[in-house]
Every structure is written in C-alpha cells, then in structure tokens.
Amino acid sequence: DTGVSQNPRHKITKRGQNVTFRCDPISEHNRLYWYRQTLGQGPEFLTYFQNEAQLEKSRLLSDRFSAERPKGSFSTLEIQRTEQGDSAMYLCASTWGGRTEAFFGQGTRLTVV
Amino acid sequence: TQLLEQSPQFLSIQEGENLTVYCNSSSVFSSLQWYRQEPGEGPVLLVTVVTGGEVKKLKRLTFQFGDARKDSSLHITAAQPGDTGLYLCAGGGTGGFKTIFGAGTRLFVKA
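Criteria and cut-off values
- Residues numbered from 1 in each chain as written.
- Chains lettered and ligands numbered in written order.
- Predicted model: local features only at pLDDT ≥ 70, side-chain atom pairs only at ≥ 80, totals over all residues.
- Heavy atoms only, no water.
- Phe/Tyr/Trp six-rings, centres within 6.5 Å; stacked < 30°, edge-to-face > 60°.
- Helix = DSSP H or I, 4+ residues; strand = E, 2+ residues; numbered from the N terminus.
- Buried < 20%, exposed > 50% of the residue type's maximum accessible area, 1.4 Å probe, protein only.
- Pairing = 2+ DSSP bridges.
- Axes fitted to C-alpha atoms, helices over the stretch in contact; angles between N-to-C directions.
- Lys, Arg positive; Asp, Glu negative; His and termini not counted.
- Salt bridge = Lys/Arg side-chain N within 4 Å of Asp/Glu carboxyl O.
- Polar contact = N/O pair within 3.5 Å; in protein donor to acceptor, adjacent residues only side chain to side chain.
- Contact = heavy atoms within 4.5 Å.
- Core = buried A, V, L, I, M, F, W, Y, C linked by side-chain atoms within 4.5 Å.

Chemist: Outline the packing of aromatic side chains, supporting the account with residue identities and numerical values.
Modeler: Counted by the stated rule, this structure contains 12 aromatic pairs over all chains. Measuring from ring centre to ring centre gives 5.7 Å for Tyr-35 of chain A and Phe-104 of chain A, while their planes differ by 45 degrees; the resulting arrangement is tilted. In this pair, Tyr-35 of chain A is assigned in strand 4 (residues 31-37) and Phe-104 of chain A in strand 10 (residues 103-104), connecting sequence segments 69 residues apart. This pair shows no difference in class: Tyr-35 of chain A is buried, exactly as Phe-104 of chain A is. With 5.6 Å between their ring centres and 90 degrees between their planes, Phe-104 of chain A and Tyr-35 of chain B make a pair best called edge-to-face. You can see Phe-104 of chain A sitting in strand 10 and its partner Tyr-35 of chain B sitting in strand 4 (residues 31-37), one on each of two chains. The same class applies to Phe-104 of chain A as to Tyr-35 of chain B, namely buried.

In structure tokens:
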C-alpha cells in the first residue's frame, strides 16, 4: 500500500501527558499537511510543510503543539501537556507540485481523559 | 478570512432519490475539491474543479463550479445506501497552498 500512513490509529492519554503522532506521506509528495477534526466538523488546518520547511501554521496551533518534518519525508506532530479539548481526529495529507487536492491518511484519533 | 459554508448540514433520503448539496463562499477560490469521508476514516478525494462554470461527472455524481469560482454543488442521481457519508468541500486559496474545508453535509441513504 503506497497511500498516506498514520500511526497510531488510536491513542488514549491522561491529561497532562505528551503525545506524538507520525505521518508517512506518499513517497513522491513534497507537501504534507496536518489537520484536526472534531465531531460534526470539517478538518481544520493546523500546518503544512513543503519538503522539510514548515511554511504556514494556523493560529489554532498553540505553543503546546509542534510539528517537524526533518528530512522532508515523514512528519511528527507532538502535543505537550494534553488537555481534554485536544481530543479529536488528527489527519495528515500529502500532495505534490502545484496541486491543491490532497490525499489523506486514516487519521489518529486522540482521546484525552 | 476565507470560509466555506455547506448546506444542508444533514440529509436523510430514501434509496433512489436525487439530491443536491451546496458549498458557498464570499471568497474566490483557485480550485474546489469534493471529498467523501466515512466514520473513523480520512477524507477520500472525489473530484477537483478549477474553471468557473465547469461541470464534472463521476458516474451518478455531478459536480459544478460556479462561474465566479465562489461556490459549488454536488448532485447525486438515484442515491444508493453506499453513498452514505460526510461530503466535504475544500477550497484552494488564491495565495499559498493552504486548503480550507467546509463543515460538511452528512448524507444518510436508507434502503
């Protein structure tokens, strides 16, 4: 399978703990996006990378959130000191060239208890 | 701030019926995408429209991009239970590569 892969699929954590999610994009895709989706809503943009450069971050991305894409391939999203409001589906997507359509992974569902 | 509004929010219909869902904005988009998402999964791309007035057909689904590139519609003919899901529209901005999403239309097709 050469689609976008996200791990883990599910994560339950206690409030105050740190969590890290991983996204492996489609191999030839140079752009990678992170979105957050809560129940009944569409995905909300968090940040995106072109190769290893983080080009835009949403104001939704508080200082507890950090994302990296160190070699322009896989990416990680870390949430420090999790809060119950962080519970959501975290989606990763990738694309290439000048395209705006993106290919999504299956997401990581985070539950903060 | 660019916003995409989708209507209706929820639609429940019988198998065989036709339906149209809408995606509207006051902003101009360089392109619009439609995705379908099933529970617990990521969105799956259905189509991209880029030219004002463009119409694209995908089997029983017809997508239209407004002349001014501010709105779009998705029409489904003879809906089937397999069409059940969350239909999302997404807009590519006129600056940069950020894509924003509407809140979606949740469709339920009863057998």
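Chemist: Before we move on, can you summarise the sheet that holds strand 1 (residues 5-7) of chain A with the specific residues and values?
Modeler: Residues and elements named next belong to chain A. Strand order in the open sheet formed by four strands is 1-3-8-7, and the pairing between neighbours is antiparallel. Bordering the open sheet on either side are strand 1 and strand 7 (65-68), each of which pairs with just one other strand. Neighbour-to-neighbour, the strand axes of this sheet turn through a mean angle of 15 degrees, independent of strand direction. Sheet topology note: the strand 7/strand 8 (residues 75-79) ladder contains four bridges and is antiparallel. Bridge pairing links Phe-65 to Ile-79 in strand 8.

Chemist: Before we move on, could you go through the side chain of Arg-31 of chain A and cite the residues and values that matter?
Modeler: If you trace the backbone, Arg-31 of chain A turns up in strand 4. Buried and unpaired, Arg-31 of chain A has Glu-101 of chain A as its nearest opposite-charge partner, separated by 7.4 Å. A distance of 2.7 Å separates a polar side-chain atom of Arg-31 of chain A from the backbone oxygen of Arg-99 of chain A. Residue contacts for Arg-31 of chain A: discarding those within four places in its chain leaves Tyr-48, Phe-49, Gln-50, Arg-69, Ala-93, Ser-94, Thr-95, Trp-96, Gly-97, Gly-98 and Arg-99 of chain A together with Phe-97 of chain B.

Chemist: I'd like a description of the nonpolar core, backed by residues and values.
Modeler: Counting residues in hydrophobic clusters, the biggest one holds 22 residues, and the most contacted among them are Leu-4, Ile-13, Leu-19, Trp-34, Leu-74, Ile-76 and Leu-107 of chain B. Residue assignment for this core shows that the elements contributing at least two residues are strand 2 (10-14), strand 3 (19-24), strand 4, strand 5 (44-49), strand 7 (61-65), strand 8 (71-76), strand 9 (85-92) and strand 11 (105-110) of chain B. Apart from the residues within four sequence positions on either side, Leu-4 of chain B is in contact with Cys-23, Asn-24, Ser-25, Phe-29, Leu-32, Cys-89, Ala-90, Gly-91, Ile-100, Phe-101, Gly-102 and Ala-103 of chain B. Of all hydrophobic cores here, the second largest spans 19 residues; its members include Val-19, Ile-26, Leu-32 and Phe-65 of chain A.

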